[in-house]
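Commentary on secondary and tertiary structure
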2 protein chains.
Amino acid sequence: MELLFLGTGAGVPAKERNVSAIALQLLEERGATWLFDCGEATQHQILHTSIRPRRIENIFITHLHGDHIFGLPGLLGSRSFQGGDTPLVVYGPKGIQSFIETALTVSSTHIKYKLHVVEIDEGVIFEDERFMVIAKRLDHGMLSYGFRVVEKDLPGTLLVDKLQQLGIRPGPIYQQIKLGKTVELDDGTVIDGRDFVGPPQKGRIVTILGDTRYCEASIELAQEADVLIHEATFGARDGELAYDYYHSTTVQAAEVAKRAGAKKLILTHISSRYQGAMCDELLNEAKAIFPNVELARDFASFSVPRKK
Amino acid sequence: MELLFLGTGAGVPAKERNVSAIALQLLEERGATWLFDCGEATQHQILHTSIRPRRIENIFITHLHGDHIFGLPGLLGSRSFQGGDTPLVVYGPKGIQSFIETALTVSSTHIKYKLHVVEIDEGVIFEDERFMVIAKRLDHGMLSYGFRVVEKDLPGTLLVDKLQQLGIRPGPIYQQIKLGKTVELDDGTVIDGRDFVGPPQKGRIVTILGDTRYCEASIELAQEADVLIHEATFGARDGELAYDYYHSTTVQAAEVAKRAGAKKLILTHISSRYQGAMCDELLNEAKAIFPNVELARDFASFSVPRKK
Ligand SMILES: [Zn+2]
Ligand SMILES: [Zn+2]
């Protein structure tokens, strides 16, 4: 599980930072990549990474501002052009369907894979055996969602060595033991499967928020998250600007991380007014409140390690 | 008058060539830039040039394929965000209006300048005292236009030295002479204004074609053009592919230039299958038929000199 930032700027592209897109690489977990937002030229950024568009399985759109969606039609088209043939689902706020449909229809873009667009509400918007994604509204003037990506706990592994020390040979019985059932061996011994299974592996939580002011929904979404990705369009001193434009400051993002008990905070969506050493200042403002914080730059990647 | 290629690739962006966009710089002529097509990330390419989005006055769209229009919403939005406040007109085939409107509406992009979208037919689509643009349908499966940009002839300059040698002093009479009228001097001499005006400066002609198969309309549009920009998606040996996909080969582009009596040919919209030395080969194929030819690369610029 790895996060790869494809665009970390705010509003308009700049040489140093492209507009928003974040890849959550789930290659080990499901052989797939999930994308969060897709600003213009996201497919161009991808050309400089190991991401393969055909592997993109889900795209989650936080909100419909241009710097978060104008790269969608191109990426969807190119994925087909390059031979992607597995289904793709786009999740986003109401309006995303009409945007995608109009762009693809007007341009006669023929998508050869199964494309499904889901206009979401709050709640569980995705769930399978391994993952769940929960959406909640933030505070951005325009409808903007935050996403809590929850990896489900993995059952413990079978303690094969311990079984073999007792002379219990591999066979169908291993399945029963792995499920933690009580089983009777050929010699009449009764064993408790739970004694032969390691502890469950805790799943990880990654919270990725759309543009927002400081709000309670962010804290709920980021509760105990392994990683929280929060916008920090402005520095601490520009709190008024942040409020007026429905954005957050570095210290507000840090407050959210702290109050939520998150383990790590990554700041992104940085206004182009902050350059060079000013970015160190942004980072330090947040660090004073929440020490385990990073400021993303384009192409930065962060692994999300399993809890011990 | 200068041509600056912002994207010279075909279909999908590649590291070496972005999707289509060409800037016609008319800074001396009208303090403005005209854009022809606007593939995704055109605004990103512009960041690496001296083009100022606020100076873009007209955008001409040849056809609605994604690689020619997906950069429009972002560019229109950023032009406003960056303070552009002069009017902008987008000319394109039927459908361009709905694409732009949907993208701007869904994304709540508020354009602060006057944006006018004109869905064009064949014929004169733009005209003022200095320039005229003529559109004609090409052959691309989807409706695709070629544009003939005609700079109008400039009247000749007044031959001041010659007037002063005759002792004719500057004054209101100079205006009459400049217009080529016959005037009577104070001493009764009658002179013909036309004798005191240099030859008119011939205007230039730049022909920029959308994606197309080899067709007669291209030749009409490129008649005696100073520069013809023609797609060359494929090399000479891939003529069948070119035909099947409604594109042209290098030699077809050269044939058009030759038959039209164009002065210079620039090839663009090059498939990413051709790399490095293969591009030299593409150029040579065309050169064998039409010697004054160039193969555009991203950020290449060509000035269009006045005729002597
Ligand atoms: Zn944004
Ligand atoms: Zn094209």
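Residues numbered from 1 in each chain as written. Chains lettered and ligands numbered in written order. Predicted model: local features only at pLDDT ≥ 70, side-chain atom pairs only at ≥ 80, totals over all residues. Heavy atoms only, no water.

Some thoughts on the overall build of chain A
On a plain count of helices and strands, chain A comes out with eleven helices and 16 strands. C-alpha atoms of chain A, sized along the principal axes, occupy 75 × 50 × 35 Å. Across the 308 residues of chain A, 56% fall into the buried class. Looking at chain A alone, contacts between residues at least 24 apart form 63% of all its contacts between residues at least 6 apart. Accessible surface for chain A amounts to roughly 13,500 Å². Of this, 50% is attributable to carbon and sulfur atoms. Counting 34 positive and 40 negative side-chain charges, chain A places the centres of these two groups 4 Å from one another. (Helix = DSSP H or I, 4+ residues; strand = E, 2+ residues; numbered from the N terminus. Buried < 20%, exposed > 50% of the residue type's maximum accessible area, 1.4 Å probe, protein only. Contact = heavy atoms within 4.5 Å. Areas by Shrake-Rupley, 256 points an atom, 1.4 Å probe, with all protein chains shown as cover. Lys, Arg positive; Asp, Glu negative; His and termini not counted. Charge placed at Lys NZ, Arg CZ, Asp CG, Glu CD.)

Focus on the interface of chain B and chain A
Facing the 33 residues of chain B at the interface are 33 residues of chain A. Taken as a group, Glu40, Phe70 and Val106 of chain B account for 24% of the area that chain B buries against chain A, more than any other trio of residues on that side. At the boundary of chain B and chain A, one finds zero salt bridges. Linking chain B to chain A there are eight residue pairs in polar contact (both at pLDDT 80 or more). At the level of elements, α2 (42–46), α3 (66–69), α4 (72–81) and α5 (96–106) of chain B are the ones that each hand at least two residues to the side of chain B that touches chain A. Residue contributions to the side of chain B that touches chain A peak at five residues, all from α5 of chain B. (Buried area = accessible area lost by both parts, 1.4 Å probe. Salt bridge = Lys/Arg side-chain N within 4 Å of Asp/Glu carboxyl O. Polar contact = N/O pair within 3.5 Å; in protein donor to acceptor, adjacent residues only side chain to side chain.)

Thoughts on the coordination of the zinc ion (ligand 2)
Residues and elements named next belong to chain B. Protein-derived ligands of the zinc ion (ligand 2) are Asp67 (OD), His68 (NE2), Asp211 (OD) and His269 (NE2), with the metal-ligand distances lying across 2.1 to 2.4 Å. In this structure, the zinc ion (ligand 2) is surrounded by four donor atoms whose angles at the metal cover 88 to 172°, and the resulting shape is irregular. Along the chain, the residues donating to the zinc ion (ligand 2) fall in the pattern D-H-x142-D-x57-H. With a gap of 58 residues between them, Asp211 in the loop between β12 (205–209) and α8 (216–221) and His269 in the loop between β14 (265–268) and α11 (277–287) connect regions that are remote in the sequence. Taken as a pair, Asp211 and His269 share a single burial class, namely buried. (Donors = N, O, S within 2.8 Å, 3.2 Å for Na, K, Ca; no water. Tetrahedral: all angles 85-135°; square planar, octahedral: opposite > 155°, others 65-115°.)

A word on the coordination of the zinc ion (ligand 1)
Residues and elements named next belong to chain A. Here the zinc ion (ligand 1) is held by the protein donor atoms Asp67 (OD), His68 (NE2), Asp211 (OD) and His269 (NE2), which lie 2.1 to 2.4 Å from it. Each of the four donor atoms around the zinc ion (ligand 1) contributes to a set of angles spanning 87 to 170°, which defines the coordination as irregular. We note that the donor set of the zinc ion (ligand 1) lies within a single chain, spaced as D-H-x142-D-x57-H. Of the two residues, Asp67 is situated in helix α3 (residues 66–69) and Asp211 in the loop between β12 (205–209) and α8 (216–221); the sequence distance between them amounts to 144 residues. For Asp67, a relative accessible area of 9% gives the class buried. On the basis of relative accessible area, Asp211 is assigned to the buried category, the value being 3%.

What to know about the pairing of strand β4 (residues 56–60) of chain A
All names here are of chain A. In terms of burial, β4 is a largely internal element, four of the five residues being buried. Bridge count for strand β3 (residues 32–36) against β4 is four bridges, and the pairing is parallel. Residue pairing across strands places Trp34 opposite Asn58, the latter belonging to β4. Bridging between β4 and strand β5 (residues 88–92) involves three bridges; their strand directions are parallel. When the bridges of β5 are listed, Ile59 appears paired with Val90. (Pairing = 2+ DSSP bridges.)

Observations regarding the relation of the copies chain B and chain A
Rotating chain B by 179° and translating it 0.0 Å along the rotation axis places it on chain A, where the RMSD comes to 0.3 Å. With respect to symmetry, the two chain copies, as superposed, fit the operation of a two-fold axis. Closest approach to the rotation axis among the C-alpha atoms of chain B is made by Ala41 of chain B, whose C-alpha sits 2.6 Å away. Mapped onto chain A, 100% of the interface residues of chain B again fall at the interface, so both copies present the same surface. (Least-squares fit on C-alpha atoms with pLDDT ≥ 70 in both.)

Some points on the domain arrangement of chain A
Domain annotation for chain A reports domain 1 (2–152 + 202–303) and domain 2 (160–196). One C-alpha centre belongs to domain 1 of chain A, the other to domain 2 of chain A, and the line joining them spans 46 Å. (Domains from an automatic or database assignment.)

Some words on the UniProt feature "domain: Metallo-beta-lactamase" (unreviewed entry) in chain A
Per the UniProt annotation, the sites labelled "domain: Metallo-beta-lactamase" (unreviewed entry) are residues 203–270 of chain A. With 34% helix and 21% strand, residues 203–270 of chain A has end C-alpha atoms that lie 30 Å from one another. (UniProt positions renumbered as here; feature names shortened; annotations may be inferred.)

A short note on the pattern of salt bridges
Summed over all chains, the structure comprises 28 salt bridges over all chains. Here Asp128 of chain B and Arg30 of chain B are joined by a salt bridge, their closest N and O atoms 2.7 Å apart. Linking Asp128 of chain B in the loop between β7 (123–127) and β8 (131–137) with Arg30 of chain B in helix α1 (residues 27–30), this pair joins segments that are 98 residues apart in sequence. Judged by relative accessible area, Asp128 of chain B falls into the buried class, the value being 19%. We classify Arg30 of chain B as partly exposed; its relative accessible area is 22%. A salt bridge links Glu216 of chain B to Arg259 of chain B; the nearest nitrogen and oxygen atoms lie 3.1 Å apart. With Glu216 of chain B in helix α8 and Arg259 of chain B in helix α10 (residues 250–260), the pair connects residues that are 43 residues apart, well separated along the chain. Note on Glu216 of chain B: relative accessible area 43%, which makes it partly exposed. Through salt bridges with shared partners, one network takes in Glu29, Arg130, Glu151, Arg204 and Arg306 of chain A.

Focus on the pairing of β7 of chain B
Residues and elements named next belong to chain B. As paired elements, β7 and β8 share four bridges and run antiparallel to each other. Each residue of the ladder has a partner; that of Phe126, found in β8, is Val133. Taking the residues that link successive antiparallel strands as the turn, the β7-β8 hairpin has three residues.

Here's the deal with the side chain of Thr268 of chain B
Residue and element names in this part refer to chain B. One can find Thr268 in strand β14. Residue Thr268 is classed as buried on the basis of its relative accessible area of 10%. Each residue touching Thr268, except ones within four places of it in the same chain, is listed here: Phe5, Gly7, Thr8, Ile229, His230, Glu231, Ala232, Thr233 and Ala296.

Digging into the sheet that holds strand β6 (residues 115–119) of chain A
Residues and elements named next belong to chain A. A sheet is described by the order of its strands in space; here seven strands give the open sequence β6-β5-β4-β3-β2-β1-β16, paired in mixed fashion. Because the sheet does not close on itself, it has two edges, and the strands there are β6 and β16 (301–303). Along the sheet, successive strands turn relative to each other by an average axial angle of 20°, direction set aside. In this structure, β5 lies alongside β6, joined through five bridges in parallel fashion. Bridge pairing in β6 links Val90 to Val117. Sheet contacts for helix α4 (residues 72–81): β3, β4, β5 and β6; angle to β4, the most-contacted strand, approximately 170°. In the packing of helix α5 (residues 96–106) onto the sheet, the strands contacted are β5 and β6, and the crossing angle to β6 comes to about 150°. (Axes fitted to C-alpha atoms, helices over the stretch in contact; angles between N-to-C directions.)

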